[in-house]
Amino acid sequence: MSPLIEVSDLRKYYPIRKGVLRRQVAQVHAVDGVSFAVNEAETLGLVGESGCGKSTVGRAVLRLIEPTAGAVKLRGRDITQLGKSDLRPLRREMQIVFQDPFSSLNPRIRVGDIVGEPLKVHGIGDRRQREEKVAQLFARVGLRAAQMRNYPHQFSGGQRQRVSIARALALDPSFIVADEPVSALDVSIQAQVINLLMDLQRESRLSYLFISHNLAVVEHIAHRVAVMYLGRIVEYADKATLFTRPLHPYTEALLAAVPMPDPTLKRQKRHVSGDVPSPISPPSGCHFHPRCPYAEARCRVESPVLREVATGHQVACHLR
Ligand code: SF4
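Draft legend 1. Quick peek at the sheet that holds strand β9 (residues 224–229). Taken in spatial order, the eight strands line up as β6-β7-β8-β3-β9-β10-β12-β11 in an open sheet, and their pairing is mixed. Of all the strands in the sheet, just β6 (94–97) and β11 (307–310) have a single pairing partner and so form its edges. Going from strand to strand, the sheet's axes swing by 25 degrees on average, the running direction of each strand aside. With five bridges connecting them, strand β7 (residues 175–179) and strand β8 (residues 207–212) associate as parallel partners. By the bridge assignment for β8, A178 is matched with F210. Relative to the sheet, helix α6 (residues 187–204) contacts β3 (43–47) and β8, its axis offset from that of β8 by approximately 160 degrees.

Here's what the structure looks like:
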């Protein structure tokens, strides 16, 4: 069975222009050859530090921004080659939930209208049918129908994210990009929203690309995990493998920062220091070498290829 979403060698480069003539002097390689698949009813976690390109991947997959190169297939059909009118019906299948529910909801519009807007835009149902559908969506995400008349500021952060999720569900999508959907919420509320996303997945066989900088959150919701560093995937495995036998030094370092639920268990502590380098002039060879505790001479000149080291487990490191 082919995956619901298949991404091959996705690239997104941004030109850097200077001078009066705005001549291109360099390129930011925000996404630099990323490939992955998401199956039906599956969650792929996409993790990495801020600035690694993971949000750009999410937007490029949905064609909210145009990829520079690569293919994105939905049920085997390459959507990167489609014009606007051919893409429009497929957009119903693919939705996004953003990080900050406050800035992504128009403060002057009642939340019932916000959730019903996609139905209106796609010409689905008459006014009464749309209201009924919105009331059902409110119930699905744990809100009361009476709250449809309220404005975004009358909701808590967690409730606002429920509104965003209801809006994403309005067109009965099969695939949702959830871009840091709980990062702006209190820790006590994060679990409720994650559990809601998992319940919705069970009910409707939804597939998620779940983007997060927080491995602890990803561990809870994801089936498989891709770790990104400076525009590239450096490790890709099922959740159990990644969390128990990480092979890439960057994954190891990210995991070292995740608290263990059982204090008698210890993870190998190999923290990395420093910030993510600029994608405008990434380090030569392995992009991770300036921060890698295992780096060798070869790492400074040769870029490691992402290769399969065990079934379903890929890693980009010369030493693994
Ligand atoms: Fe570290 Fe070298 Fe592996 Fe890169 S290739 S992660 S620098 S050991």
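Draft legend 2. Structural context of the side chain of R224. Turning to its location among the elements, R224 is positioned in strand β9. In contact with R224, other than residues within four places in its own chain, are A37, V38, N39, E42, T43, L44, G45, Y236, A237, D238 and K239.

Draft legend 3. Up close: the sheet that holds strand β2 (residues 23–38). If you trace the four strands from one edge of the open sheet to the other, you get β2-β1-β4-β5, paired in antiparallel fashion. The sheet terminates laterally at β2 and β5 (77–78), the two strands that pair on one side only. Note: strand β1 (residues 5–18) against strand β4 (residues 69–74), five bridges, orientation antiparallel. Bridging across to β4, S8 finds its partner in A71. The strands touched by helix α1 (residues 54–61) within the sheet are β1, β2 and β4, with β1 carrying the most contacts at an inclination of about 115 degrees.

Draft legend 4. Region of the structure containing the site of the ligand. If you check the shell around the ligand, you find H248, P249, C286, F288, H289, C292, A295, C299, P304, C317, H318 and L319 and nothing else. Most atoms of the ligand, that is more than half of them, are within 2 Å of grid points of the largest cavity. Of the residues contributing to the shell around the ligand, the split by class is nine nonpolar, three polar and no charged.

Draft legend 5. Quick peek at empty space enclosed by the protein. Enumeration over the complete set of coordinates arrives at one cavity of 30 Å³ or more. As a volume, the largest cavity reaches approximately 100 Å³. Residue lining of the largest cavity: 14 residues in total, with P249, C286, C292, C299 and C317 positioned closest to the centre. Looking at side-chain class alone, the lining of the largest cavity contains 11 nonpolar, three polar and no charged residues.

Draft legend 6. The arrangement of unusual backbone geometry in detail. Even without being a glycine, D9 presents a positive backbone phi close to 50 degrees. By the secondary structure assignment, D9 is in strand β1. The residue R22 is not glycine, and still its phi comes out positive at about 50 degrees. By secondary structure assignment, the location of R22 is in the loop between β1 and β2.

Draft legend 7. Expanded view of the layout of surface pockets. Counted as a void, the largest pocket has a volume near 530 Å³. Looking at the lining of the largest pocket, the elements with two or more residues in it are α2 (84–91), β6, α3 (111–121) and α5 (157–169). Among the elements that take part in the lining of the largest pocket, α2 stands out by supplying four residues, more than any other. Estimates place the volume of the second largest pocket at around 400 Å³. Around the second largest pocket sit R110, G112, D113, G116, E117, K120, R127, R130, E131, V134, M148 and R149, which together line it. Broken down by secondary-structure element, the contributors of at least two residues to the lining of the second largest pocket are α3 and α4 (127–140). Per element, the largest residue contribution to the lining of the second largest pocket is five residues, and it comes from α3. Here the lining of the second largest pocket is built from residues that sort into two nonpolar, two polar and eight charged.

Draft legend 8. Spatial organisation of the nonpolar core. I165, L169, F210, V225 and V227 are the most contacted members of the largest nonpolar core, which has 55 residues in total. Top contributing element to this core by residue count: α6, with six residues. If near-sequence neighbours (up to four positions away) are discounted, I165 is found in contact with V97, V141, V193, L196, L197 and L200. One finds V31, V38, L90 and A226 within the second-largest nonpolar core, a separate group that totals 31 residues.

Draft legend 9. Representation of the pairing of β2 within the structure. Strand direction decides the pairing type here: β1 and β2, joined by 12 bridges, are antiparallel. Bridged to V7 within β2 is F36.

Thresholds applied
- Residues numbered from 1 in each chain as written.
- Predicted model: local features only at pLDDT ≥ 70, side-chain atom pairs only at ≥ 80, totals over all residues.
- Heavy atoms only, no water.
- Pairing = 2+ DSSP bridges.
- Helix = DSSP H or I, 4+ residues; strand = E, 2+ residues; numbered from the N terminus.
- Axes fitted to C-alpha atoms, helices over the stretch in contact; angles between N-to-C directions.
- Contact = heavy atoms within 4.5 Å.
- Near = heavy atom within 4 Å.
- 1 Å grid on protein atoms, 1.4 Å probe; cavity = no way out; pocket = protein on both sides within 12 Å on 5 of 7 lines; lining within 4 Å.
- Sits in = over half its atoms within 2 Å of the grid points.
- Nonpolar A, V, L, I, M, F, W, Y, C, P; charged D, E, K, R; others polar.
- Points joined across faces, edges and corners; volume = space filled by probe spheres on them.
- Core = buried A, V, L, I, M, F, W, Y, C linked by side-chain atoms within 4.5 Å.
- Buried < 20%, exposed > 50% of the residue type's maximum accessible area, 1.4 Å probe, protein only.

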